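Reading the structure
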Amino acid sequence: MKKQVKEDRFQGHDYYNIDALLHDDHKIARDAVRSWVKQEVSPIIEAYSDKAECPVHLFKGLAEIGAFGPSLPEKYGGGGMDEIAYGIIMQELERGDSGIRSMASVQGSLVMYPIYKFGSEEQRMKYLPKLGSGEFIGCFGLTEPDHGSNPSGMVTNIKDDGDAYILNGAKMWITNSPVADIAVVWAKDESGVVRGLIVEKDMKGFSAPAIHGKWSLRASITGELIFEDVRVPKSNVLPGVSGMKGPLSCLSKARYGIAWGAIGAAMDCYDSALRYSQERSQFGRPIGQFQLTQKKLAEMITEITKAQLLVWRLGVLANEGNATPAQISMAKRNNVAMALDVAREARQIHGGMGITNEYPVMRHMMNLETVLTYEGTHDIHLLITGMDVTGLNAFS
Ligand code: TGC
Ligand code: FAD
């Protein structure tokens, strides 16, 4: 017999009436994405996570709701909205699943953004409309097998060959790579300067095998990028940037979205735990009546509220063009760790049921282990804050 899909009873939580700080456009975007997630993601996400498969059919729907590059100009396939709208959309997607938010983060912030920001007009017009509409899937290759937290040590390289470059090397842990049509790849030129290239899937010598065996982000597909003498036309090099500033600027854009996204996962765990605490009885009363359960729930909503205020202010700064990379690091680190703590506490409130896929908490908890690591680990972001406040660099 086919298993009945449980109804998604999620309700948003806004303890400090942060809604009053939002514009109508923000609330419209939030409500539209929330109902899309209830309709398209919640009914299938446990099954896709269970079989460790990416629901690639959702790329088109994500495009239709404007999840790819919400704050990029409409002319270039974006949504033409502000940074707060971008954040709220990521929050609602990650409420569904971190892997679904990842699909949007990579496409919008790590592929469309560098082509928009650093690409030629020809590159923009060739790739951005197709990426924005979901016709093309993109991926972002920075991390290498031996260079994760320290991407500037990368060994992937390009050598001049007339009207093209010859690309060699390998990238590791690349979201969407096995299903991608194009990859934005960061490689060193013969002078050791980092350049960005757009590599197309059919280029000879390029392959993107999948990585299997993940216990986290199971509904997201992850792979490698392998380049064996790939001839990349010079017209595919991003002309507008050289050096680590290129990839790191993209990371700032994506980390900002993750700072919002993590709140979505936390809210879903809190919402499920709150409802469970009211519906589940032990010792003749709802478990929510026990002080120890109330302590967990009270601390969860306190931390969620603090995180909401943090990203709201960060969003205002981002809209003014004043959010610094270090401020973004602080928010990414704080909010992802907060969400993981909330997921762990919510798991306890659900008792044994918390480890099953009847409830979303264990899936969020496992996903958040990746989110804590990618886009800069928890400790790397701490060191970025440390460097910002002391002026002393712990990395060199
Ligand atoms: P450093 O010497 O500090 O800086 C080089 C240049 O870049 C500038 N910069 C930034 N610009 C924008 N945003 C940022 N976040 C920036 N950080 C630095 C900087 O001002 C400088 O500019 P200029 O003009 O002086 O040249 O660079 P470094 O190589 O020493 O970097 C240090 C460190 C450790 C902070 C950096 O390497 C780092 O952040 N490491 C973490 C690696 C990381 O986050 N990898 C993520 C890979 S992508 C990913 O995980 C995608 S998952 C997607 C998904 O599925 O959702
Ligand atoms: P390492 O850098 O080897 O770190 C291992 C440990 O050492 C960590 O705890 C780290 O904090 C610690 N450490 C390292 N250096 C220091 C230091 N100086 N001081 C203190 N502690 C330190 N990358 C991409 O380019 N594109 C993608 O699309 C992408 N998607 C991903 C999807 C998934 C599912 C995962 C798991 C990763 C993805 N990544 C992607 C890679 C991700 O960004 C890296 O995993 C991350 O940056 C950490 O690198 P690493 O795994 O090599 O760990």
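The model shown is predicted, which means the values in this text are computed figures rather than measured ones.

1. Quick notes on the packing of aromatic side chains
Enumeration according to the criterion identifies 9 aromatic pairs in this entry. Ring plane angle 40° and centroid distance 6.1 Å describe the contact between Phe59 and Phe68, whose orientation is recorded as tilted. When sorted by exposure, Phe59 lands in the same class as Phe68, which is buried. Following the ring pairs from residue to residue traces out a cluster consisting of Tyr86, Tyr256 and Trp260. The residue whose ring lies beneath Lys51 is Tyr48, and the NZ or CZ to ring-centre distance is 4.3 Å. The cationic tip of Lys234 hangs over the ring face of Tyr165; the distance from NZ or CZ to the ring centre is 5.2 Å.

2. Section: the domain arrangement of the protein chain
For the protein chain, the domain assignment lists domain 1 (18-132), domain 2 (138-236) and domain 3 (245-390). Domain 1 puts 27 residues into the contact, and the matching count from domain 3 is 35 residues. At the boundary of domain 1 with domain 3, total buried surface from both sides reaches about 2600 Å², with 62% on carbon and sulfur atoms. Counting the contacts that link domain 1 with domain 3 gives 4 salt bridges. Here domain 1 and domain 3 share 14 residue pairs in polar contact (both at pLDDT 80 or more) between them. With 10 residues, the top contributor of residues to the side of domain 1 that touches domain 3 is helix H3 (residues 83-96). Its residues assigned to classes, the side of domain 1 that touches domain 3 comprises 12 nonpolar, 8 polar and 7 charged.

3. Some words on the site of ligand 2
With respect to spatial proximity, 18 residues lie near ligand 2, and among them Thr143, Ser149, Trp173, Thr175 and Thr377 are the closest. Backbone polar atom of Phe140 to a nitrogen atom of ligand 2: 2.9 Å apart, as the coordinates give it. Residue Thr377 places a side-chain N or O atom 2.7 Å away from an oxygen atom belonging to ligand 2. For ligand 2, whose free accessible area comes to 970 Å², the fraction covered by protein is 66%. Breaking the shell around ligand 2 down by element, the ones donating at least two residues are strand E3 (164-175), helix H9 (361-373) and helix H10 (378-390).

4. Focus: the pairing of strand E5 (residues 194-200)
Among the 7 residues of E5, 6 are classified as buried, and the element is accordingly described as predominantly covered. Where strand E4 (residues 182-188) and E5 come together, 7 bridges link them in antiparallel fashion. Paired with Ile182 across the two strands is Glu200, which belongs to E5. The turn linking E4 back onto E5 is made up of 5 residues, and Gly192 within it adopts a positive phi angle of 85°.

5. Some remarks on the site of ligand 1
Taken together, 26 residues are adjacent to ligand 1, and Ser102, Thr175, Ser252, Arg255 and Gly376 come closest. Ser252 is positioned such that a nitrogen or oxygen atom in its side chain is 2.8 Å from a nitrogen atom of ligand 1. In the model, an oxygen atom of ligand 1 is placed 3.2 Å from a nitrogen or oxygen of the Tyr374 side chain. Against a free-state accessible area of 1100 Å², the protein chains account for coverage of 72% of ligand 1. Under a 2 Å grid-point criterion requiring more than half of the atoms, the pocket assigned to ligand 1 is the largest pocket. Counting only elements with at least two residues in the shell around ligand 1, the list comes to helix H4 (98-118), helix H6 (245-279) and H10. Among the elements that make up the shell around ligand 1, the one with the highest residue count is H6 (6 residues). Taken together, the residues of the shell around ligand 1 sort by class into 12 nonpolar, 10 polar and 4 charged.

6. Quick notes on empty space enclosed by the protein
Tallied over the full model, the rule gives 1 cavity of 30 Å³ or more. Of the pockets and cavities examined, the largest cavity occupies roughly 40 Å³. The residue inventory of the lining of the largest cavity, partitioned by class, reads 3 nonpolar, 4 polar and 1 charged.

Calculation notes
- Residues numbered from 1 in each chain as written.
- Chains lettered and ligands numbered in written order.
- Predicted model: local features only at pLDDT ≥ 70, side-chain atom pairs only at ≥ 80, totals over all residues.
- Heavy atoms only, no water.
- Phe/Tyr/Trp six-rings, centres within 6.5 Å; stacked < 30°, edge-to-face > 60°.
- Buried < 20%, exposed > 50% of the residue type's maximum accessible area, 1.4 Å probe, protein only.
- Lys NZ or Arg CZ within 6 Å of the ring centre and 35° of its normal.
- Domains from an automatic or database assignment.
- Contact = heavy atoms within 4.5 Å.
- Buried area = accessible area lost by both parts, 1.4 Å probe.
- Salt bridge = Lys/Arg side-chain N within 4 Å of Asp/Glu carboxyl O.
- Polar contact = N/O pair within 3.5 Å; in protein donor to acceptor, adjacent residues only side chain to side chain.
- Helix = DSSP H or I, 4+ residues; strand = E, 2+ residues; numbered from the N terminus.
- Nonpolar A, V, L, I, M, F, W, Y, C, P; charged D, E, K, R; others polar.
- Near = heavy atom within 4 Å.
- Areas by Shrake-Rupley, 256 points an atom, 1.4 Å probe, with all protein chains shown as cover.
- Pairing = 2+ DSSP bridges.
- 1 Å grid on protein atoms, 1.4 Å probe; cavity = no way out; pocket = protein on both sides within 12 Å on 5 of 7 lines; lining within 4 Å.
- Sits in = over half its atoms within 2 Å of the grid points.
- Points joined across faces, edges and corners; volume = space filled by probe spheres on them.

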